[in-house]
Amino acid sequence: SVFGNIRRRAVQAGVCAVVDEEMTDLEIDLAGRFADVDDVIRSFRGRKDGSYNASFTYPEGGAIQYVEALAKGVDHAKIALEELVEGIDLERRVAVTQSREIGFESLVSSMPLPQLLAMCGVPYDPEVYSWNVVEVFNLGFDRKGPVGPHWVYFPQREISFYRVGFYDNIFGTDRMSIYVELGREAGFASTEAKTAATRERVLSDLAKVGFVDGHELVSSHHVLLDPAYVHITRDSVADAAQQQAALATRGVHSVGRYGSWTYCSIEDNIVEARALADACNLV
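None of these values were measured; they are calculated from a predicted model.

Each value, and the rule that gives it
Residues numbered from 1 in each chain as written. Predicted model: local features only at pLDDT ≥ 70, side-chain atom pairs only at ≥ 80, totals over all residues. Heavy atoms only, no water. Helix = DSSP H or I, 4+ residues; strand = E, 2+ residues; numbered from the N terminus. Buried < 20%, exposed > 50% of the residue type's maximum accessible area, 1.4 Å probe, protein only. Contact = heavy atoms within 4.5 Å. Areas by Shrake-Rupley, 256 points an atom, 1.4 Å probe, with all protein chains shown as cover. Patch = residues over 30% accessible without salt bridge, like charges linked within 9 Å, V, L, I, M, F, W, Y side chains within 5 Å. Salt bridge = Lys/Arg side-chain N within 4 Å of Asp/Glu carboxyl O. Axes fitted to C-alpha atoms, helices over the stretch in contact; angles between N-to-C directions. Parallel < 35°, antiparallel > 145°, perpendicular 65-115°, else oblique. Left-handed = near helix turned anticlockwise from the far one by under 90°. Nonpolar A, V, L, I, M, F, W, Y, C, P; charged D, E, K, R; others polar. Pairing = 2+ DSSP bridges. Phe/Tyr/Trp six-rings, centres within 6.5 Å; stacked < 30°, edge-to-face > 60°. Core = buried A, V, L, I, M, F, W, Y, C linked by side-chain atoms within 4.5 Å.

**Topic: the overall build of the protein chain**
Moving on, step 1. Along its length, the protein chain carries nine helices and ten strands.
Moving on, step 2. Evaluated residue by residue, the protein chain yields a buried proportion of 34% over its 283 residues.
Moving on, step 3. Partitioning the intrachain contacts of the protein chain with sequence separation of at least 6 by distance along the chain shows that 67% fall at a separation of at least 24.
Moving on, step 4. A total accessible area of about 17,100 Å² is found for the protein chain, and carbon and sulfur atoms account for 53% of it.

**Side note on the environment of Ala241**
Moving on, step 1. Relative to the helices and strands, Ala241 is located in helix H7 (residues 234-248).
Moving on, step 2. For Ala241, a relative accessible area of 44% translates into the label partly exposed.
Moving on, step 3. On a C-alpha basis, the gap between Ala241 and Ser260 in space is 7.8 Å, while along the polypeptide they are 19 residues apart.

**Comments concerning a nonpolar patch on the surface**
Moving on, step 1. A surface patch of nonpolar side chains, about 850 Å² in accessible area, is lined by Phe56, Tyr58, Ile64, Tyr66, Val67, Tyr167, Ile170, Phe171, Ile266 and Ile270.
Moving on, step 2. With respect to the helices, strands and loops of the structure, Tyr58 is situated in the loop between helix H2 (37-44) and helix H3 (64-71).
Moving on, step 3. Classification of Tyr58 by relative accessible area gives partly exposed; the value is 42%.

**Considerations on the pattern of salt bridges**
Opposite charge on two side chains allows them to pair when their charged atoms are near.
Moving on, step 1. One pass over the full model with this rule turns up ten salt bridges.
Moving on, step 2. Where Arg100 meets Glu83, a salt bridge forms, and the shortest distance between an N and an O atom there is 2.6 Å. Remark: Glu83 occurs in the loop between H3 and strand S1 (85-89) and Arg100 occurs in the loop between strand S2 (94-97) and strand S3 (101-103); sequence separation between them is 17 residues.
Moving on, step 3. On the basis of relative accessible area, Arg100 is assigned to the partly exposed category, the value being 40%.
Moving on, step 4. One network of salt bridges, with partners in common, ties together Asp89, Arg92 and Glu101.

**Notes on the packing of helix H4 (residues 113-120) against H7**
Moving on, step 1. For the pair H4 and H7, interaxial distance at closest approach is 11 Å and the crossing angle is 40°. In this view, H4 runs oblique relative to H7, as classed from their interaxial angle. The crossing of H4 and H7 is left-handed. When H4 is examined against H7, the residues Leu113, Leu116, Leu117 and Cys120 are found in contact with a partner set consisting of Ala240, Gln243 and Leu247.
Moving on, step 2. The residue inventory of the contact of H4 with H7, partitioned by class, reads six nonpolar, one polar and no charged.

**Section: the pairing of S2**
Moving on, step 1. Here S1 pairs with S2 via four bridges, running antiparallel. Considered in S2, the bridge of Asp89 is made with Val94.
Moving on, step 2. What sits between S1 and S2 in their antiparallel hairpin is a turn of four residues, with Arg93 showing a positive phi close to 50°.
Moving on, step 3. Taking the residues that link successive antiparallel strands as the turn, the S2-S3 hairpin has three residues.

**Some remarks on the packing of aromatic side chains**
Moving on, step 1. Inspection of every chain in the model, using the stated rule, returns seven aromatic pairs.
Moving on, step 2. The interplanar angle of 70° and the centroid separation of 6.1 Å between the aromatic rings of Tyr124 and Tyr129 together place this pair among those described as edge-to-face.
Moving on, step 3. Ring plane angle 75° and centroid distance 5.8 Å describe the contact between Phe154 and Phe211, whose orientation is recorded as edge-to-face. Here Phe154 is found in the loop between strand S6 (151-153) and strand S7 (163-166), whereas its partner Phe211 is found in the loop between helix H6 (192-208) and strand S9 (217-225), with 57 residues between them in sequence.
Moving on, step 4. Taking the relative accessible area as the measure of exposure, Phe154 reaches 12% and is therefore buried.
Moving on, step 5. Residue Phe211 is classed as buried on the basis of its relative accessible area of 11%.
Moving on, step 6. A connected cluster of aromatic rings, assembled from ring pairs, spans Tyr124, Tyr129, Trp131 and Trp261.

**Quick word on the nonpolar core**
Moving on, step 1. Ranked by size, the top nonpolar core spans 20 residues in total, and within it Ile88, Leu116 and Leu247 carry the most contacts.
Moving on, step 2. Elements with a contribution of two residues or more to this core: H4 and H7.
Moving on, step 3. Looking at this core, the element that brings in the most residues is H4, giving five residues.
Moving on, step 4. Not counting the four nearest positions on each side in its chain, Ile88 is found in contact with Val94, Ala95, Phe104, Leu107, Leu116, Met119 and Cys120.
Moving on, step 5. Core analysis: the second largest hydrophobic core is formed by 17 residues, Leu139, Phe161, Leu203 and Val212 among them.

Below, the structure written as structure tokens:
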């Protein structure tokens, strides 16, 4: 496993690695090009991070800029929003929405692969596919907080969140606006009361780590990402590849982080989509 391999190499390198045993069934190549075991070992020894996102560019208006740029080349009358696809008939090559049927020669889907398989009526083993949920609080405060960091990770179990990101430092604004991420198991559900209690815990922990110091919370938004990170195992890699290939013979192409059941970046998605468009003569 990837964690077993890192732990073994860490022992050989004379450094310490603590790994949860339940994580050792993950695929050794789960992080693809984003993690090299030698780099991980060197980082244990304090080497300055040189990973793929140590520096990057990002649209000032957010990731929606990618979508809007692509949409400029499409007839807007043919873009349907808030129209849920409820089923896909592979025999007739028809997508069924709440209000109509849409015939297709090629259908490109980025929805989670298990959801697509179910929608197409394709049998699959649900035990093969697992994932986690991320609970996110977007919080705005009355004044600036820490200056400099774009995001910070927290491995401590006593802290409720594992990552805090600073919108204000990314965009150079004068009041602290952050996203706070908490890891949850699949099936996690939240109620209004539970969300309020968790937000209070988050604010308390933000004070503990020194990010909040007498700040007034002026804006709050809550969302669950489900799925958030897929679990990449040997079984999921093999089954996903087989299911994608079978769907492609029926004109259905499952792509992206969730459609391919993998870990990838936005630029990987753009390259993958362009290659598919060329292959299907869609451009």
